[in-house]
Structures are given as structure tokens and as C-alpha cells.
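The residues making up each chain are set out below.
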Amino acid sequence: MSHIHLPDGVIPPFWWITGLILCLALLWIFAGRIKKDEVRRKIPFAGVIGALMLIFMSVPLGILPVHLNLAVLCGILAGPGLGFVAVFAVNTILALIGHGGFTVIGLNTLLMGGEAILGYYIFRAASGRLGSASSAVTANILALLLSTVLMILIVGTSVGLGEALLPHDHTHESVHAGEDHIDDRENNSESHSGEIKDARFLFLTGWTAVIAVILAGILLESLVTGLIVSFFSKVRPDLLKPAAEG
Amino acid sequence: MEHLIKVKCIRHVYPDKTEVDICGLDFVVRPGERVVILGPNGAGKTTLLSHILGLLSPVEGQVEVMGMKPDKDFNKVRKHIGIVFQNVDEQIIGPRVYDDIAFTLRNEGFSRQETEDRVSEVAAMLGLEDILEKIPHYLSGGQKKKVALAGAVSMMPEILILDEPFDGLDPKSKSEMIDMLNRLNGEKGITLVITTHDINIVPRIADLIYVINKGKIVTKGSPADVFAEVEMLREANLEPPILTDLFDRLAKKGYPLTAPASIDNALEQLEMILGGQVQDEERIVSG
Amino acid sequence: MEHLIKVKCIRHVYPDKTEVDICGLDFVVRPGERVVILGPNGAGKTTLLSHILGLLSPVEGQVEVMGMKPDKDFNKVRKHIGIVFQNVDEQIIGPRVYDDIAFTLRNEGFSRQETEDRVSEVAAMLGLEDILEKIPHYLSGGQKKKVALAGAVSMMPEILILDEPFDGLDPKSKSEMIDMLNRLNGEKGITLVITTHDINIVPRIADLIYVINKGKIVTKGSPADVFAEVEMLREANLEPPILTDLFDRLAKKGYPLTAPASIDNALEQLEMILGGQVQDEERIVSG
Amino acid sequence: MHIAAIDHMANNGDSFLHNARPITKVSMALLFLVSLIVTNHIFKALILLAIPIALILLSRVNVREILHLAAYPLVFSILFALIRIQQSWVAGLLVMTKALGAALNMLLLIATTPYTDLFGIFSYVLPGPIIDVFIFTYRSLFILLDKLENMMKSIRLRGGFHPVRILFNLKNTAGALGVMTIHAFDMSERLYRIYSLRGYKGKIPLSREWEPLKPVDGFLLLFSLIVLTGVFIPWNI
Ligand SMILES: Nc1ncnc2c1ncn2[C@@H]1O[C@H](COP(=O)(O)OP(=O)(O)OP(=O)(O)O)[C@@H](O)[C@H]1O
Ligand SMILES: Nc1ncnc2c1ncn2[C@@H]1O[C@H](COP(=O)(O)OP(=O)(O)OP(=O)(O)O)[C@@H](O)[C@H]1O
Ligand SMILES: [Mg+2]
Ligand SMILES: [Mg+2]
């Protein structure tokens, strides 16, 4: 959910440069924290996680105008540090194919990597009380809601509240046009409440639909995460023993 | 129907511009036949099967399965074909063996009772009763192949397509697999289309062989006929089965031998021409 | 050194509690030998190799490679062993074929010039000169196997370990692979340890065979000896090579034949005992 | 998948851009990117958009594939443009031009430069383990894509895909993803083993030798510097 598909040239330099610096700092910290004797096992693992995320994003879901992201799942499986590193690799590769701007890789990584980190900790906290599938769903919902709020704040503050944007749902490429109108609507209805009238010709419904789309996206992803995790708990429960931090 | 499958000189272009031609003779499969496709690595065997399954559409040429175009009538054709891919790991989807065998049945809306009956029947046929509750991930290679086969025959398809089904199996499991396939063919009348690099077992499983090489179907014929064309085989990175080769060379030297279908048959033929050569004492010594 | 590898009755427990025993005879490999390990699916062949490589640690028993414990002295032992796993796709690391062959060399700190020379040498030996600049995922299955082999021998290891290297290759490519391995053994003195299910090629590549079954190494011996123990082989889901089987059965009937190493040798032996049987007219007719 | 197609262009293409040194192409992409970001003039921006388009045409890559990928940032920038349009039409157009131009620059780079060369250049600025993660991600991606493709084929053939039954598809797709994820973890374990055996110590050695620049490199660098300068000089239009 949190993947801001922000193009280059929209966010002011101060913000994306700060994001980039923060992101690189975290990368250095996480890379340094991989212990020397574990590096041989963990680096291929992070690579595989990154590849999995790229693949999850490319899976068509029938006519649903949504694609999966599953940062939380990757956080649960890889742990916060490796999860973050994998997210960075994913965002960079996506930026290279024009999927999100190159300059906003830092911000994108902070948000999506934030989901991975948050998801990991929530999952760990919840799995003491709940089953692994419900923990995963809980972690997914909470982490996505939080990152969505965070993103609204970042985008809102940086672009200026008057132009604040809500996150874009993971729109599948073939059906962008339809979905993007919904996004337009949400942006406008939130930030330009005074101008809603002007924008009416583009949009038929208002706030309820916006919230519905966001929630549907979050629920869908949580559902898939839950299904996959419940499958793991049957087949490879060892993978769900929370990965070590780092 | 005269033929179940008919493929006429197709050309396929992969997204990266790799061109695969499968031209020359027509590829025709008749009901109840056991057809084996041979050819070197990269000849286009898997590509041909993908066209028959409707997974690919040819740029040129015609593919017909039961009178339909598999790429257009995918959902109709699919119901008549069972398939076992080379890498069965990528084919087994169910969380338990039972679920995997039941996968297609459930998708096609069989009732719970029907599904259960059908799974039991197939499991009994392939000797999988004891592992129905197991998680496929932990099965041995041979067991996984059987599960994939069970999933493929659960709908009792007219045609069963197998891409290198004997890979990685030990000799006994391979023999069992062959027997199982021959039983499916004999008892249920299922038509078999198989690719393999294991030449030596081909006489045990083939009524008809097609050889693909360099973009052409270069030969079709019974195992005896095809394996007699040694030059053509070598051309296609292939070789005749060992026994066929041996007997062929002996025959060329004038001995009245024909390509044997099995080791027992080979023994018989050899004994015939050797008949009476051995002295009794020798026989006692080495027996 | 008397032996390069010695494994004594190990027991391994996988994380999911699967126990694998490899007991019975000691597994001993001497310098320059070509050793083939046979056994049914799930016998523990790959598990044994993993122990020799130091990837696993035994719960019980001893593993010794060049006098060291491979799990403890992993970084020392590793340098003496080249390895080709069954799934070569995952084994090819280098972004380009050149980088992949050079991977270990660079990790071990060879200079640029040394690396280049060594890569050229290995590439020439395996016929890979033309694809050094290619990216691995565009190679064919056979080419990938060769690249993996090149990466494994780049350090000129004393020991080369291959887990089912012939899987999925067409007969000619398989033959080439065998020749290549025999050349590495003959010219460079590299010791070979190979697992395979392809019994018929074993006589061409083995000096010594070990058979593992049901947690035990049940036999060791030359191909001729091992393949003579038909009962034991069947017990282990195996069978003798076709020619061996045929000749063995003929020998049991009293004909003076010994297990042939190749089809040519088989022909010779048969002609010997058939000698002079054929009438001249016949020869003309069928010749 | 698009990454595979792009990868193929980069590796099999043959044009002056494919032949230029990777460092040149990366510098050029960055210079163009900076030019685009600092430009606030619609005509300059349009020229900056025209440049990658021209270069893409000249580099004879698969234009359809590039267009397909470019549709994404284009459609997305419309969203932002719509906001700006309320200030002025030009502002809206500017946002779109910038976004599309930047994306085309990246696509031009990746379609003419093999990923190994790109990662080699990233390795000057990023820590070693991160570069290795890139390489592993990329390689695993291709292996796993093959697996997934086969799995989806299998699901389709076994009646597990229906054009309109979304939940039904979702369930089966989740199943396939789950199985693939498990295979992926097994694979990562095997990768770990094989890499360890082949002497991996946390740094994949890339051939990173300095290759002398060729005339084409000089030309491209000069060109992008001129462009950058052009952005800063005020024009009288
Ligand atoms: N997805 C693909 N993209 C591009 N080229 C492909 C693809 N699949 C196969 N090819 C190419 O098409 C040709 C035929 O491949 P195919 O897999 O059909 O051969 P095959 O006869 O099945 O070989 P094998 O015996 O090794 O399985 C080969 O040159 C191969 O490299
Ligand atoms: N990672 C693992 N986790 C749990 N059990 C395993 C694992 N790897 C192998 N086994 C089990 O250990 C036993 C020996 O397996 P191994 O792979 O060594 O057999 P193999 O002789 O190589 O068989 P094949 O001929 O099929 O390759 C089998 O029962 C197998 O199921
Ligand atoms: Mg094939
Ligand atoms: Mg094995």
C-alpha cells in the first residue's frame, strides 16, 4: 500500500534528499549488522526475498485493479534488517524500469521498508497470543494503516498540505486508467475540499469510495498474507519462527 | 475420430525472438496410441507440447486437438488432457497430497463425495493410499512424480502428456512408472504422449516414435523402424537403444536377428542362433 | 596419502527429524579414482556428499577429507573440492559466464592475469570459449552444465564431486560430458565422485562403485563385481546395465562371456563365440 | 515479465549507446535527471523529454516494451498534473513532462546497459553486501519467474483459473505463491551452500576495471554537459 509511485520532479529536493540520506544511513547500519559468519547465508536470503517481492508485485489478480506488495510478509520472514535491505533492492530495480522515480527511492524504501520492520515487530508481539495466520493478518493491517498515515504526512508536508496526496493503491498496470481516477478523486476530495465541485466532472462518488478502496487494498493484501502464512504454518512452520533481528 | 492431435508445421517465436520451427512431417496422434517424441536438447519438444496444450499460440501452422484449436478453446481442450511436467515440484500445489490430487476435481465443481471417491480410486491405482495425508514437500522424488501423475489422471483424461517423466528416478521406480503408464493406456485407453532422453526404455513404452531435429520432424515410425535409422539418430544427437544397436550390428554381419523389445527377447534370439554350441561340461561348471 | 576421503558409519538428523544412516562398509576414496555412488531415491547419496563437503555435520560417525574434518575445517577442505550440484541453475553465480568461471579464483585472490589465464585454459578444455561473455540465463541446459563444471574445476581441485550430472542431457551431450570427465581424470588426475541413476553409463565412468541401500553401504567393488550381484542390486531398486545383464544371463547358461565395458567389446565377445556360424550367402543377403 | 524483456534488450542490443561505457551512460542519465529536476520552463522540459525519446529510437531497442513501461509514470504523473492544472495548464504539463522524461531516461539506461555493469557502478557508492543483494535478487528473480510461470501454467491447465471468479483465483494464486515461496527458501539454502563452497565471503567479485573511454563516450558526456548548461542559461522564448 505504501508504495508511493511518485514520479521524479514532484517532491521538492529537500524531502527526497533527506529521504535518500536517511535510507542510505539505515542501509549502512543494517549491512554492518550482518555478522561476518552469517553473511554467506543472509545475503542470498535477502536476495531471494527481494526477488519474491518483485514477483508478488507482478502477479495478475484477475480483473482486480490491484497488485500485491507483501512487504510485511517479507519482514516477517526475513527480519527487519534484511527486509529493509531487500526492499531497497526492489525499489531500485523498479525505479530503473520507470516504476516510481529514481530520486524518490529513498522515500519509497523508508515507507515500504518501514512496513517490513513494523510488520515484523507486530507479528512477533502478536504471535505470542494469536495463531500465526491471525498474527500475520493483524501485523499486515496495522503496519499498512500506519505506513499509509505516515505517507500522507510526508507527502502532505512536503508537497504542501494544499496538494497532499493519499497513497496510490497498487494498481495493476493494465488497468491503470480506471484506478487512477479513483486516486485523483481521493486526492482532490481530501485536499481540495473546497474544489470538489470543480472536480466533480471527473468523479462520481466521494469520501466513502476512497476509504473503501484503501481498506479493500489493505484487506486484500492481509488476506493473501494470511493465506500464505497459514499455508506455511502447515508446511514449513520453522520459517515462521520469527527471524533473528538484523 | 481419426486423430486426437494433429500438428502441421508450426513456427513459434519466443518473446526474446528465439524462433522454434517444428516442420517436416505432420505430428499426428491417434486414440489409444503411445507416442514418444525424441530429439536433442533444445529441439523443441517442450515447445511442441506447449502448443498442444494451448499454452502457446503458433505464429504459423496449425494445431488441432480433438478438432479444436487448443489456444482458442483452451478451457475445453484442457479438460481432455492430463499433464505431468518435467519439474513436478512446480506442479504440485495442494498443501496435502489429497488436496493436490483433488485440485482439478474441486475446480471443476465435483461434489465432496465424488471427489473423495475419485481420489481414492486414483490413489489405489497408483499406490498412494498411505501418503494421502502427507505434505508433498517432504516426499521423495519418485513419490512426487506419482502424485503429479495422480493429479493428472484424476479427471480421467483422454490424453496424458508427460514431459521427461523418468528423470531422476531410480531404475525400479522408473520401471514402475512405465508399468503404471502402460496400465493406464491398456485398461483405461488413455492416449500417451511422452518426451524422454532415456532411449533404452523407449521400446517398452512406445507404439510410435517421432524424432525432431533442427526444426523438423525428421522421422516417424515404430521403434523398430526408427531405431534402424542409425545415421539419422546420430544426426539428432541420439543413439539407438543398446540392445537394438548390438543386434543391428550383428545383423549387419549376417546373423539373422531383429531388434529386441526386451532383454528376455534378446536372450531368446541369441540362444536360438547360438543353439547347441555349448558343451555339457562347461554348462555344469559355470551354472 | 592413502585415502582422500573416508566416511565411517555416519548418522544424520535433518531439522524435521528425518534420520539418515549411512553405515555398513566404510566409504573410502583414493587419489585418482573414479567413484560412482548408486542407490535408490532417498537412500542418502546427496546427504553423504553434503557431509563430505562439510555442509552438514554428522550426529554420529566420522568424516575425513584429506585428513581434515570437513565441517570443522570447512574453508580448508573446500579449496580441494570442486562441486557440480544437480540444479546447475542455482549454481551459476557470476553475472557472466566469464565471471562465474572466475568466481572462486577471484575469491581466493588470484591476480587478474592468473585469473584470465586460468579461465581461458578451462574454457578451452570444455569448449566454452564462445560463450564467455554470455549471461547465464540465456544458456541452454547443456551449456549451463558445462559452465558449472568449468567453475568447479577452475581451481584445479584434487576432488570433483558431481551429483547426478547427466540428468536431462541428450545422449550425445551425455557422452561428451563423460568424455570430459574422463579427460579431467586422466590428464589432470582429478579424483571423481559421482552419483547417478543412469546405470548404463556407469561402466564408462567408474573404477569403483559403492551401493547404498536402507541406511547401509552394502557393497563396494569394480563395476564387473558389483553388477554381478544381481540380487543385491534388485534389492536396492537397481539393476545391472543392460549389456551386463544380458551377458551375465548368457554366461549362466554356459557361454564363455564376461561383462562387457562397451558395446564394441560386447560385439567382439559375441562374434568370438558365434564365429564361423554364418553362411556366406546369408552374409551377402543381409549385408 | 518486463524485467526479462529489458534485460534482453540490454544484452543483445547493438547501437552506439550499447557500445558506450556504462559509466558514461550512468553519468548521462544523472545529468539529464538533474537537468529535468531543476528545469521550470516548459520548453526546456519538452526538449529534455525529446532527448531520451530520440536516443531510445536511435538505440534500436524494443520501443513497444519501453512505451508499455513508460505508460506507468505517464498515467501517474497525470494525477499530479491535475492538481497543478488548477494553478495553470503549463504547470500541469510541466509535471507530466518531467516525470515522463525522468522515467524514459532510466529506461534508456537500463535498456542499453546490462545490469551487471550497472551494479558494478553502484558498487562505487554502496556497501558490498548491498550490491550482492542486488545481484542475488536479480539472478533469483529469473529463476523464480521460471518456476512461477510453470506453476501458473499448471494451475491454468488444471482448471484453477477463472476469468471472473476473483476469490477463486486469489485462493489458487496464494497457493502457488506459497509453494513458490517455500521453494524459494529451499533455493536460498542451496545458494548459501554452493556459494560457501565456491569461496563466497560476503563480496561477489565483479570485474570493475577502468576501461578507457571511447570517442562515443566523449561525445555523450559532452552532449549531456551541454544540455545541463543549457538548462541554466536563461532563454529568450
Ligand atoms: N521461454 C523461452 N524463451 C526463449 N526461448 C526459449 C524458451 N523456451 C525454450 N526456448 C528455446 O526454444 C528452443 C526449444 O526449446 P525446448 O524447451 O522446446 O526444447 P526441448 O526439445 O524441450 O529441449 P530439452 O530436451 O532440453 O528439454 C531452445 O532453443 C530454447 O532455448
Ligand atoms: N533437507 C532435508 N530435510 C529433511 N529431510 C531430508 C532433507 N534432505 C533429504 N532428506 C531426506 O533424507 C533422505 C535421504 O535423502 P537424499 O537426498 O540424501 O537421498 P538421495 O539418495 O540423494 O536420493 P535421490 O536419488 O532421489 O537424489 C530422504 O529420506 C530424504 O527425504
Ligand atoms: Mg524440454
Ligand atoms: Mg540426491
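## Considerations on the overall build of chain D
Phase 1: Across its full length, chain D holds 10 helices and 0 strands.
Phase 2: In chain D, the order of α-helices and β-strands from amino to carboxyl end is α-α-α-α-α-α-α-α-α-α.
Phase 3: In terms of its C-alpha atoms, chain D occupies a principal-axis envelope of roughly 65 × 50 × 30 Å.
Phase 4: The buried share of chain D, taken over its 237 residues, is 63%.
Phase 5: Entry remark: accessible area of chain D is about 9100 Å², with carbon and sulfur atoms responsible for 67%.
Phase 6: In chain D, 21 positive and 12 negative side-chain charges are present, and the distance between their average locations comes to 7 Å.

## Comments concerning the interface of chain A and chain B
Phase 1: Residue-level contacts link 4 residues of chain A with 4 residues of chain B.
Phase 2: Taken together, the two surfaces of chain A and chain B that pack against each other cover about 390 Å², and 66% of this comes from carbon and sulfur.
Phase 3: Inspection of the chain A/chain B interface yields 0 residue pairs in polar contact (both at pLDDT 80 or more).
Phase 4: Tallied by class, the residues present in the side of chain A that touches chain B amount to 2 nonpolar, no polar and 2 charged.

## A look at helix H3 (residues 97-107) of chain B
Phase 1: With respect to burial, H3(B) is a largely interior element, 10 of its 11 residues being buried.
Phase 2: Turning to H3(B), its buried residues number three or more, namely Val97(B), Tyr98(B), Asp99(B), Asp100(B), Ile101(B), Ala102(B), Phe103(B), Thr104(B), Leu105(B) and Asn107(B).
Phase 3: Against the buried residues of H3(B) lie helix H4 (112-126) and helix H5 (141-153) of chain B together with helix H8 (128-157) and helix H9 (166-197) of chain D.
Phase 4: Count one or two residues on from H3(B) and you reach Gly109(B), which has phi positive near 80°.

## Section: the state of the cysteines
Phase 1: Summed over all chains, the structure comprises 2 disulfides over all chains.
Phase 2: Residue pairing for Cys9(B): its cysteine sulfur links by disulfide to Cys23(B), the two sulfurs lying 1.6 Å apart. Placement of the pair is Cys9(B) in strand E1 (residues 5-13) and Cys23(B) in strand E2 (residues 19-24), with a sequence separation of 14 residues.
Phase 3: For Cys23(A), which is in no disulfide, the shortest distance to another cysteine sulfur is to Cys74(A) and amounts to 16 Å.
Phase 4: For Cys23(A), a relative accessible area of 1% translates into the label buried.
Phase 5: The exposure class of Cys74(A) is buried, given its relative accessible area of 2%.

## What about a nonpolar patch on the surface?
Phase 1: Residues Ile53(D), Leu57(D), Val63(D) and Leu67(D) make up a contiguous nonpolar surface patch of about 350 Å² in total accessible area.
Phase 2: When contributions to the nonpolar patch are tallied by element, the ones reaching two or more residues are helix H4 (42-58) and helix H5 (63-85) of chain D.

## Observations concerning the pattern of salt bridges
All names here are of chain C.
Phase 1: Taken as a whole and judged by the stated rule, the model has 46 salt bridges over all chains.
Phase 2: When the shortest N-O distance is used, the salt bridge between Glu121 and Lys188 registers 3.2 Å. Residue Glu121 is located in helix H5 (residues 112-126), and its partner Lys188 is located in helix H7 (residues 171-188); the two are separated by 67 residues in the primary sequence.
Phase 3: The exposure class assigned to Glu121 is partly exposed, which follows from its relative accessible area of 33%.
Phase 4: Across the salt bridge formed by Asp245 and Arg249, the nearest N and O atoms sit 3.5 Å from each other. Residue Asp245 and its partner Arg249 are located together in helix H11 (residues 242-252), separated by 4 residues, close to a single helical turn.

## Side note on the interface of chain D and chain A
Phase 1: Every contact between the two is made by 74 residues of chain D and, on the other side, 72 residues of chain A.
Phase 2: Of the roughly 6500 Å² buried between chain D and chain A on both sides combined, carbon and sulfur atoms contribute 80%.
Phase 3: The tally of links between chain D and chain A comes to 1 salt bridge.
Phase 4: For Arg41(A), the salt bridge is made with Glu189(D), and the minimal N-O distance between the two is 2.7 Å.
Phase 5: Here chain D and chain A share 1 residue pair in polar contact (both at pLDDT 80 or more) between them.
Phase 6: Where the side of chain D that touches chain A is concerned, the elements lending two or more residues are helix H1 (2-12), helix H3 (22-38), H5, helix H6 (89-112), helix H7 (115-122), H8 and H9 of chain D.

## Notes on the domain arrangement of chain D
Where interface size is quoted, it is often the accessible area lost as the parts come together.
Residues and elements named next belong to chain D.
Phase 1: Partitioning chain D into structural domains gives domain 1 (2-122 + 209-232) and domain 2 (128-197).
Phase 2: With centres defined by C-alpha atoms, the gap from domain 1 to domain 2 works out at 31 Å.
Phase 3: Each partner contributes residues to the interface: domain 1 has 6 residues there, and domain 2 has 6 residues.
Phase 4: Note on domain 1 versus domain 2: buried area summed over both sides is about 710 Å², and carbon and sulfur give 85% of it.
Phase 5: Three residues, Ile3, Tyr115 and Phe119, lead the burial of domain 1 against domain 2; their summed loss comes to 67% of the area buried on that side.
Phase 6: Applying the counting rule to domain 1 against domain 2 returns 0 salt bridges.

## With respect to the site of ligand 2
Residues and elements named next belong to chain C.
Phase 1: The environment of ligand 2 is formed by 14 residues, the closest being Gly42, Lys45, Thr46, Thr47 and His197.
Phase 2: Take Asn41: an N or O atom from its side chain is 2.9 Å from an oxygen atom of ligand 2.
Phase 3: One of the backbone nitrogen or oxygen atoms of Ala43 is found 3.2 Å away from an oxygen atom of ligand 2.
Phase 4: Across the complex, the protein chains shield 69% of the 630 Å² of accessible surface that ligand 2 would expose by itself.
Phase 5: The class makeup of the residues in the shell around ligand 2 is 4 nonpolar, 7 polar and 3 charged.

## Let's talk about the packing of aromatic side chains
Phase 1: Tallying each qualifying case throughout the model produces 21 aromatic pairs over all chains.
Phase 2: Centroid distance Tyr115(D) to Phe119(D): 5.5 Å. Interplanar angle 70°. Geometry classified as edge-to-face. Note that Tyr115(D) and Phe119(D) are positioned in helix H7 at a spacing of 4 residues, about one turn of the helix.
Phase 3: Residue classification places Phe119(D) among the buried positions, given a relative accessible area of 2%.
Phase 4: Seen in terms of ring centroids, Tyr138(D) and Phe142(D) are 5.5 Å apart; in terms of plane orientation they differ by 45°. Their pairing is tilted. Residue Tyr138(D) and its partner Phe142(D) are located together in helix H8, separated by 4 residues, close to a single helical turn. For the residue pair Tyr138(D) and Phe142(D), the accessibility class agrees, reading buried in each case.
Phase 5: An aromatic cluster of three or more residues is present, and its members are Phe88(A), Tyr115(D), Phe119(D), Phe122(D), Phe134(D), Tyr138(D) and Phe142(D).

Calculation criteria
- Residues numbered from 1 in each chain as written.
- Chains lettered and ligands numbered in written order.
- Predicted model: local features only at pLDDT ≥ 70, side-chain atom pairs only at ≥ 80, totals over all residues.
- Heavy atoms only, no water.
- Helix = DSSP H or I, 4+ residues; strand = E, 2+ residues; numbered from the N terminus.
- Buried < 20%, exposed > 50% of the residue type's maximum accessible area, 1.4 Å probe, protein only.
- Areas by Shrake-Rupley, 256 points an atom, 1.4 Å probe, with all protein chains shown as cover.
- Lys, Arg positive; Asp, Glu negative; His and termini not counted.
- Charge placed at Lys NZ, Arg CZ, Asp CG, Glu CD.
- Contact = heavy atoms within 4.5 Å.
- Buried area = accessible area lost by both parts, 1.4 Å probe.
- Polar contact = N/O pair within 3.5 Å; in protein donor to acceptor, adjacent residues only side chain to side chain.
- Nonpolar A, V, L, I, M, F, W, Y, C, P; charged D, E, K, R; others polar.
- Disulfide = S-S within 2.5 Å.
- Patch = residues over 30% accessible without salt bridge, like charges linked within 9 Å, V, L, I, M, F, W, Y side chains within 5 Å.
- Salt bridge = Lys/Arg side-chain N within 4 Å of Asp/Glu carboxyl O.
- Domains from an automatic or database assignment.
- Near = heavy atom within 4 Å.
- Phe/Tyr/Trp six-rings, centres within 6.5 Å; stacked < 30°, edge-to-face > 60°.

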